[in-house]
Amino acid sequence: METSHPQALFRLDNETLAFRYTATVSHRTGDPLERLDDPVKLRQWLAANDLDPGVIPTSDQLDQARQLREAIYRLGATLADGQPPAQLDLDRVNSAAAAGTPSPVLDADGMRWSLGSEDPVGAALAVLARNAIEVLGSPTRQRIKTCEGPDCAGLFVDTSRAGARRWCSMNTCGNKNKKDRLRAKS
Ligand SMILES: [Zn+2]
């Protein structure tokens, strides 16, 4: 497996797994950047999130993975916007959640996912789809927002008590906003 540092390739700072996955496209309202541009990158992203399938996905699986990702993104963005979800997107997330058979394993370090050997890529995608269902289907759904960072529109869950968070991450978009404001002042 290629060893280029996943932190350099991907933004992994979103606390919500499913939304961290949707962040593999950045600059969504500007000039979108697709970070899963080949199957090896998908495996790298999965591995960086403790979901290494142990195999390089096929290009069909990469297509499915991207379609799942965009369905999750649209569902999150429509919820944030107070709009009803598209049935096609609900169907896609639900079928991805049911397709694989990941099982949770408890060991000394905590919990991890066992992806099995039959369809480890499908199982990894099922973990992402199930996380999306938990977030999009629980009371958390009322705290889903899209980032106000320039061109970002990334999804995040606003867990702040005041519910006034505006950026997907303080380290990136929040920081950028702060710098821009300081520059505007000087
Ligand atoms: Zn952002």
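Above this text sits the structure in question.
No experiment lies behind these values; they were computed from the predicted model shown.

A closer look at the overall build of the chain
Consideration 1: The helix and strand inventory of the chain stands at seven helices and six strands.
Consideration 2: Overall, the chain shows an N-to-C arrangement of helices and strands of α-α-β-β-α-α-α-β-β-α-β-β-α.
Consideration 3: Relative to the 2.2 N^0.38 estimate, which gives 16 Å for 186 residues, the radius of gyration of the chain is 17 Å and therefore close to what a compact globule would have.
Consideration 4: Across its three principal directions, the C-alpha atoms of the chain cover 60 × 40 × 35 Å.
Consideration 5: The buried share of the chain, taken over its 186 residues, is 41%.
Consideration 6: Restricting to contacts in the chain with at least 6 residues of sequence separation, those with at least 24 account for 54%.

Remarks on the environment of arginine 112
Consideration 1: Mapping arginine 112 onto the fold places it in strand β4 (residues 110-114).
Consideration 2: Separated by 86 residues in the primary sequence, arginine 112 and serine 26 place their C-alpha atoms 27 Å from one another.
Consideration 3: Not counting the four nearest positions on each side in its chain, arginine 112 is found in contact with Ser103, Pro104, Val105 and Asp107.
Consideration 4: Reaching out from arginine 112, the side chain makes a polar contact with the side chain of aspartate 107 at a distance of 3.0 Å.

Some thoughts on the pattern of salt bridges
Consideration 1: Scanning all chains against the criterion turns up 12 salt bridges.
Consideration 2: In this structure, arginine 11 engages aspartate 13 in a salt bridge whose closest nitrogen and oxygen atoms are separated by 3.6 Å.
Consideration 3: We note a salt bridge from arginine 66 to glutamate 34, for which the minimum N-O separation is 3.6 Å. On the criterion of sequence distance, the pair formed by arginine 66 in helix α4 (residues 59-80) and glutamate 34 in strand β2 (residues 33-34) is long-range, its members being 32 residues apart.

Concerning the pairing of β4
Residues in a regular strand project their side chains so that they alternate between the two faces of the sheet.
Consideration 1: Strand direction decides the pairing type here: strand β3 (residues 103-107) and β4, joined by five bridges, are antiparallel. If you follow leucine 106 over to β4, its bridge partner there is methionine 111.
Consideration 2: As consecutive antiparallel partners, β3 and β4 are separated by two residues.

Here we look at the coordination of the zinc ion
For a metal with four tetrahedral donors the ideal donor-metal-donor angle is 109.5 degrees, whereas six octahedral donors ideally subtend 90 or 180 degrees.
Consideration 1: The zinc ion binds to the protein through Cys147 (SG), Cys152 (SG), Cys168 (SG) and Cys173 (SG); the donor distances cover 2.3 Å.
Consideration 2: Summarised as a motif, the one-chain spacing of the donors to the zinc ion is C-x4-C-x15-C-x4-C.
Consideration 3: On the accessibility criterion, cysteine 168 (6% relative accessible area) is buried.
Consideration 4: Taking relative accessible area as the criterion, cysteine 173 reaches 6% and is therefore assigned buried.

Things to note about unusual backbone geometry
Consideration 1: Phi at aspartate 50 is positive, roughly 60 degrees, even though this residue is not glycine.
Consideration 2: Positionally, aspartate 50 belongs in the loop between α3 (39-48) and α4.
Consideration 3: Classification of aspartate 50 as exposed rests on a relative accessible area of 65%.
Consideration 4: One non-glycine residue with positive phi stands out, namely aspartate 151, at about 65 degrees.
Consideration 5: Relative to the elements of secondary structure, aspartate 151 occurs in the loop between β5 (144-146) and β6 (155-157).

As for the side chain of asparagine 49
Consideration 1: Take asparagine 49: it is sitting in the loop between α3 and α4.
Consideration 2: For asparagine 49, the side chain forms a polar contact with the main-chain oxygen of tryptophan 45, separated by 2.8 Å.
Consideration 3: Those residues in contact with asparagine 49, other than ones at most four positions away along the chain, are Leu12, Leu17 and Arg20.

Some thoughts on the layout of surface pockets
Consideration 1: Looking at the largest pocket, its volume works out to about 280 Å³.
Consideration 2: Considering the residues around the largest pocket, the lining is formed by 20 residues, among which Arg11, Ser26, Cys152, Cys168 and Cys173 are closest to the centre.
Consideration 3: Those elements that provide at least two residues to the lining of the largest pocket are α2 (17-22), β1 (25-26) and α7 (170-185).
Consideration 4: With three residues, the top contributor of residues to the lining of the largest pocket is α7.
Consideration 5: By residue class, the composition of the lining of the largest pocket is nine nonpolar, six polar and five charged.
Consideration 6: Roughly 190 Å³ of volume is contained in the second largest pocket.

Here is what the cut-offs are and how they apply
- Residues numbered from 1 in each chain as written.
- Predicted model: local features only at pLDDT ≥ 70, side-chain atom pairs only at ≥ 80, totals over all residues.
- Heavy atoms only, no water.
- Helix = DSSP H or I, 4+ residues; strand = E, 2+ residues; numbered from the N terminus.
- Rg over C-alpha atoms; globule rule 2.2 N^0.38 Å.
- Buried < 20%, exposed > 50% of the residue type's maximum accessible area, 1.4 Å probe, protein only.
- Contact = heavy atoms within 4.5 Å.
- Polar contact = N/O pair within 3.5 Å; in protein donor to acceptor, adjacent residues only side chain to side chain.
- Salt bridge = Lys/Arg side-chain N within 4 Å of Asp/Glu carboxyl O.
- Pairing = 2+ DSSP bridges.
- Donors = N, O, S within 2.8 Å, 3.2 Å for Na, K, Ca; no water.
- 1 Å grid on protein atoms, 1.4 Å probe; cavity = no way out; pocket = protein on both sides within 12 Å on 5 of 7 lines; lining within 4 Å.
- Points joined across faces, edges and corners; volume = space filled by probe spheres on them.
- Nonpolar A, V, L, I, M, F, W, Y, C, P; charged D, E, K, R; others polar.

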